[in-house]
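A structural walkthrough
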Amino acid sequence: MTASHNRKRINDQDTELIEAINAGRSDRFPELLKRYEQKLYNFGLRMCGDVRDAEDLVQDTFLNVFKYLKDFRFETKFKNWLYRVATSTCIKKRRKSKFAPEHEISLDDYIPAESEHVAQHVPDWARMPLDQLLNEELAAQLREAIVSLPEKYRLVAVLRDLEGFSTAETAQILNLQPSNVKVRLHRARLFLRDKLKGYFES
Amino acid sequence: MSDQDKDHDHGHCLEMFKKLSEYIDGELDQLNCEELENHLSDCPTCKICMITLKQTVNLCKEVKDNPVPESFSDKMTTFVEGLQKVKDGPLPAKPVKKL
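Everything numeric here is computed off the predicted structure, so don't read it as measured data.

**Here's the deal with the overall build of chain B**
When you go through chain B residue by residue, the secondary structure sums to six helices and zero strands. Start at the N end of chain B and walk to the C end: the helices and strands fall as α-α-α-α-α-α. Restricting the contact set of chain B to residue pairs at least 6 apart, pairs at least 24 apart contribute 53%.

The structure is reproduced here in structure tokens:
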């Protein structure tokens, strides 16, 4: 028996719809669009920071889903497969685009230096309830900070902390080891924390 | 530097610093978790770092989705309905028409 035969089939809320589409009911494909259009549009906005690029990402992703849905083997949740398609589409698009080259985020930049004067009190913003803190202006600052993350860190931060995927799911979507996901996520969070500190202290 | 900082084992601090996200996510094993919590109780610098990092994560999780513009949603519906019509023929490698 091959390894593929041993893989467990995963059924979720999309299974019936996908089986129907793959059995010839392509007229139901727009239902898939309606289920995931908003999630993918926001994923696109977070990854690209631009409405037009986000719209292109949604369109290209659904084109690829339409082309390759027949190859979906139910070995993962459909949503995870969809994000793998979207992520791959996003990376290909950005390689061809005008965006700045990648750079690494070094942990050393965020470790409090031994000689550094370090505040001994938790800042107010870190103690406030989220519903009092998160207004439109802060949400916009946060979105801007996320878009300014180098892509490989942004992908991990968006999938883990904004889209709500687990470490294992993010590793699967990005074809990374979970340990790499954790390293990138920690650096991305430190980067974002630094941006927020700058915002609140300015 | 405070007196507390002078006596501080910064090598240990750096080791703990690397584990803060795993701690926030509840992904540390019990041994590492206890070690980190002991460190946090002795080290205000790392504790403040953990609290601000946790708040950053919580804020990210609270960012709401934007609604899809109605005009784009309508165009996407038209786009995928158009895909069905060409399903028996060769699909283009790129979208036939950009929205």
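Now, onward.
**A closer look at the nonpolar core**
Within soluble globular proteins, side chains that are nonpolar generally end up buried alongside one another. All names here are of chain A. In terms of nonpolar packing, the biggest core is built from 63 residues, with Leu82, Ala86, Val156, Ala157, Val158, Ala188 and Leu192 touching the most fellow members. Of the domains in this structure, domain 1 (3-95) and domain 2 (107-201) are the two that each give at least three residues to this core. Ala188 has contacts with Leu149, Tyr153, Arg154, Val156 and Ala157, leaving out every residue within four places of it along the chain.

**Some details on the confidence of the model for chain B**
When pLDDT is low, close inspection of the predicted coordinates is not appropriate. All names here are of chain B. Of the residues in chain B, 77% reach a pLDDT of 70 or more, and the chain-wide mean stands at 83. Low pLDDT, under 50, characterises residues 92-99; the stretch is placed with nine contacts to residues that sit more than four places away or in other chains. Per the prediction output, this complex has pTM 0.87; the corresponding ipTM is 0.88.

**Focus on the interface of chain A and chain B**
Contact residues are listed per partner, giving 47 residues for chain A and 42 residues for chain B. Among the secondary structure elements, those contributing two or more residues to the side of chain A that touches chain B are helix 3 (29-48), helix 4 (51-68), helix 6 (124-127), helix 8 (136-147), helix 9 (151-162) and helix 11 (178-201) of chain A. Class assignment of the residues belonging to the side of chain A that touches chain B gives a composition of 27 nonpolar, eight polar and twelve charged.

**Quick word on the packing of helix 9 of chain A against helix 10 (residues 167-174) of chain A**
All names here are of chain A. Put simply, helix 9 and helix 10 touch, their axes get as near as 10 Å, and they point 135° apart. As the angle between them shows, helix 9 and helix 10 are arranged oblique. The interaxial crossing formed by helix 9 with helix 10 has right-handed handedness. Between helix 9 and helix 10, the residues in contact are Leu155, Val156, Leu159 and Arg160 and Thr170, Ile173 and Leu174, respectively. A class-by-class count of the residues in the contact of helix 9 with helix 10 yields five nonpolar, one polar and one charged.

**Notes on helix 8 of chain A**
With twelve residues, helix 8 of chain A should reach 16 Å at 1.5 Å per residue; the first-to-last C-alpha distance of 16 Å fits that figure. Elements in contact with the buried residues of helix 8 of chain A: helix 3, helix 9 and helix 11 of chain A together with helix 5 (44-62) of chain B.

**Considerations on the environment of Lys19 of chain B**
Secondary-structure assignment places Lys19 of chain B in the loop between helix 2 (10-17) and helix 3 (20-24). With residues up to four places along the chain from it excluded, the contact list for Lys19 of chain B reads Leu28, Asn32 and Leu36 of chain B.

The rules behind these values
- Residues numbered from 1 in each chain as written.
- Chains lettered and ligands numbered in written order.
- Predicted model: local features only at pLDDT ≥ 70, side-chain atom pairs only at ≥ 80, totals over all residues.
- Helix = DSSP H or I, 4+ residues; strand = E, 2+ residues; numbered from the N terminus.
- Contact = placed C-beta atoms within 7 Å.
- Core = buried A, V, L, I, M, F, W, Y, C linked by C-beta atoms within 7 Å.
- Buried ≥ 20, exposed ≤ 12 C-beta atoms within 10 Å, placed from the backbone.
- Domains from an automatic or database assignment.
- pLDDT = per-residue confidence, 0-100.
- Nonpolar A, V, L, I, M, F, W, Y, C, P; charged D, E, K, R; others polar.
- Axes fitted to C-alpha atoms, helices over the stretch in contact; angles between N-to-C directions.
- Parallel < 35°, antiparallel > 145°, perpendicular 65-115°, else oblique.
- Left-handed = near helix turned anticlockwise from the far one by under 90°.
- Expected span 1.5 Å × (residues − 1).

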